[in-house]
Amino acid sequence: MSRRGAVHTLDAFFAAAIIAAALLYSTGIPRERGYLEDEPLEAWGVQALVELDRNGTLGRLVDAKGWEEIERALRVVIPVGISFNATVFDELGSCLNDRPISNGGLSGRTVKSIEYPIAAVSGTCPFYRLRLQLGG
Amino acid sequence: MPTASIDFTLAAFAMIVVVMGAIFGANMAASPFLGGSVHDQERYDQLGRHILLSRGDPIDWGAAGLPTSLGFASGGGPYELDIDKVTRLNPSNAYAINYTILWEALGVDDVSFVIAVEPLFDVALNQTSTQQNPDNASYTFSVKTTREGYPVQADLSCYIATRNSTYSASGSTDGYGLGSVQFTLPNSKNGTALLVVIARTTESVVSYGVLPFAHNSDAPRPSGIYATLSPCNHVLEIELSPNVTAWNAAVFSMGYCFNLTSAGANYAIPYLKDASPMILVLTGSNASDHWAEWVAYPQVPLQIGADISDEYVASDVAQASYLVDVNGALYRFEIGFRSPASYE
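Chemist: Hey, could you run me through the overall build of chain A in this one?
Modeler: In terms of regular secondary structure, chain A is built from four helices and five strands. For chain A, the succession of helices and strands along the chain, N to C, is α-β-α-α-α-β-β-β-β. Looking at chain A as a whole, 25% of its 136 residues qualify as buried. In chain A, 64% of the contacts between residues at least 6 apart in sequence involve partners at least 24 apart.

Chemist: Could you clarify how one ought to interpret the sheet that holds strand β11 (residues 227-232) of chain B in this entry?
Modeler: Across a sheet, paired strands are connected by hydrogen bonds in the backbone, their directions being either parallel or antiparallel. Residues and elements named next belong to chain B. The strand order across the open sheet formed by four strands is β11-β12-β16-β15, and the pairing between neighbours is antiparallel. Each having just a single partner strand, β11 and β15 (261-263) make up the two edges of the open sheet. Along the sheet, successive strands turn relative to each other by an average axial angle of 30°, direction set aside. Pairing of β15 with strand β16 (residues 266-268), which is carried by three bridges, proceeds in the antiparallel orientation. Looking at β16, one finds that Ser262 is bridged to Tyr267.

Chemist: Please clarify how the environment of Ala250 of chain B should be interpreted in this entry.
Modeler: Residues and elements named next belong to chain B. You can see Ala250 is positioned in strand β13 (residues 245-252). Its 23 C-beta neighbours within 10 Å are what place Ala250 among the buried residues. Here the alpha-carbon distance between Ala250 and Val281, two residues 31 residues apart in the chain, equals 5.3 Å. In this view, Ala250 contacts Ala161, Thr166, Cys257, Phe258, Asn259, Leu260 and Val281; residues no more than four positions away in its chain are not counted.

Chemist: What is the right way to look at the packing of helix α2 (residues 41-52) of chain A against helix α4 (residues 67-77) of chain A in this model?
Modeler: Any two packed helices are characterised by the angle at which their axes cross and by the distance between the axes. All names here are of chain A. Running from amino to carboxyl end, α2 crosses α4 at an angle of 125°, the nearest separation of the two axes being 10 Å. With respect to α4, the axis of α2 lies oblique. The hand of the α2/α4 crossing is right-handed. Facing Ala48, Glu51 and Leu52 of α2, the residues of α4 in contact are Ala73, Leu74 and Val77. Across the contact of α2 with α4, the residue classes break down as five nonpolar, no polar and one charged.

Chemist: Before we go on, may I ask you to explain the domain arrangement of chain B in this structure?
Modeler: Where interface size is quoted, it is often the accessible area lost as the parts come together. All names here are of chain B. Segmentation of chain B into domains returns domain 1 (42-119 + 223-344) and domain 2 (120-220). Between the C-alpha centres of domain 1 and domain 2 there is a distance of 25 Å. Listed by partner, the interface residues are 26 residues for domain 1 and 27 residues for domain 2. For the side of domain 1 that touches domain 2, the secondary-structure elements that each account for two or more residues are β13, β17 (278-285), β18 (290-297) and β21 (329-340). The element best represented in the side of domain 1 that touches domain 2 is β18, accounting for five residues.

Chemist: How do you make sense of the confidence of the model for chain A when you look at a structure like this?
Modeler: Predicted coordinates in areas of low pLDDT are best not read in detail. Averaged over chain A, the pLDDT score is 83; the fraction of residues at 70 or greater is 88%. Counting interchain partners and residues more than four positions distant, the pLDDT-below-50 stretch residues 31-36 of chain A has 11 contacts.

How each quantity is defined
Sequence order as written defines residue numbering, which begins from 1 separately in each chain. As they are written, the chains are lettered A onward and the ligands numbered 1 onward, keeping that order. Where local features are concerned, this predicted model is filtered to residues with pLDDT of at least 70; where side-chain atom pairs are given and counted, the filter is 80 or more; whole-chain, interface and lining totals use all residues. Under the DSSP-based scheme used, a helix requires at least four consecutive residues in state H or I and a strand at least two consecutive residues in state E, with every element numbered from the N terminus. Each residue is classed by its C-beta neighbour count within 10 Å, where at least 20 other C-beta atoms makes it buried, 12 or fewer makes it exposed, and intermediate counts make it partly exposed; the C-beta atoms are placed from backbone geometry. By the convention adopted here, residues are in contact when the distance between their C-beta atoms, placed from the backbone, does not exceed 7 Å. Any two strands with at least two DSSP bridges between them are considered paired. Each axis is a line fitted through C-alpha atoms, taken for helices only over the stretch in contact, and angles between the N-to-C directions span 0 to 180 degrees. Oblique is the label for any angle not covered by the other classes, which are roughly parallel (under 35 degrees), roughly antiparallel (over 145) and roughly perpendicular (65 to 115). Here a crossing is called left-handed whenever its near helix is offset anticlockwise from the far helix by less than a right angle, and right-handed whenever the offset is clockwise. Under the scheme applied here, ten amino acids are nonpolar (Ala, Val, Leu, Ile, Met, Phe, Trp, Tyr, Cys and Pro), four are charged (Asp, Glu, Lys and Arg), and all others, including Gly, are polar. The split of the chain into domains comes from an automatic or database domain assignment. The score called pLDDT rates the predictor's confidence residue by residue, from a low of 0 to a high of 100.

Take a look at the structure:
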């Protein structure tokens, strides 16, 4: 091997070593992360529905067919960046909401669905199921 | 072999050894900070839940005293927080608890934290026009309700407090989060006035905004110049600046507006059934000005705790966000944790 060839070989070797070391370090550096990355979407959904329903609010809204109000509330309590679509069923499984309860369509890498029981305070004490699908 | 070739080979070998040694040494020195398992989220989540679901010790530390164990729950439902425990996190409150005491009360030596509590959406107010008449002045204000830039449609309760008078109106913001409200004030009530707007999307999703403005007077002076207001344990404690007289205190919520009852030098804050933050306004005068000061109860938004915005490379840093209920209104309670990175 000529002297020039040996020098080039060493150059290539050192360059490869430097690149490999840089890659090794960069993959090991931790980044600040929010819980949103790993938080199950179900947890967000359940917490939002439980908090909104604290005084029977959801039952009253469903009983009054206040789909727009439900959508407005969900838009505020569910974190920005998570898409949602809600559907309300009665005891027989029939869909009640005659308009979408959504922030523009369900999208995201992961889609989760939760079901939340709602009881309305009235004479017949009707029972509903709210299915909330979340994408994030 | 020529001498030059031997020199070159030895030099190359020495360089390889030195560079590889340097890489190896740097890697050894840095690996404790870079490698291993980070973001022990389950642990942080448990800490967050513990703080929000337990009442702490003593259980009524919000009303008086200092906590020996940290917990913000009121004793009602889950994630229902005590209004005074939250209020005492605000550094501007006279009864505020400093971070050192909170950290000791948490009792986890290797975890520092920062807490932020804020309403679920923002209410921005602007004075858009003024019409001066012989006996009165008409003001128009724009109201914008948004959440992280996205519009929020809301119903509005609007109030003005000036001197010892209050005026009220209602309104709403549309699908673009925009609305307006108009008030006419008599010229005789000149001085600094406060516009208080409380916005609600549904029963428990409430926020507020406050705008001081000049009513036939000089521009309002910065908040806290004339008096410092500290609500705690349903008493509004007042610290007046020298040569200043208080005239009247009033409370504003989504559904109510009335004057407060004086309790000595302070004022008693009522227990309202309204799911709404309370805005407490104190008006008064000094030699030349009629002023108005205000504070929210619970005293949010607030932030307290360690700075975890930097030095995170060698630390575990995680954020947890919860919906919490304070007096029937929902707020976002965010906790940031930091601890030395755990290694495997």
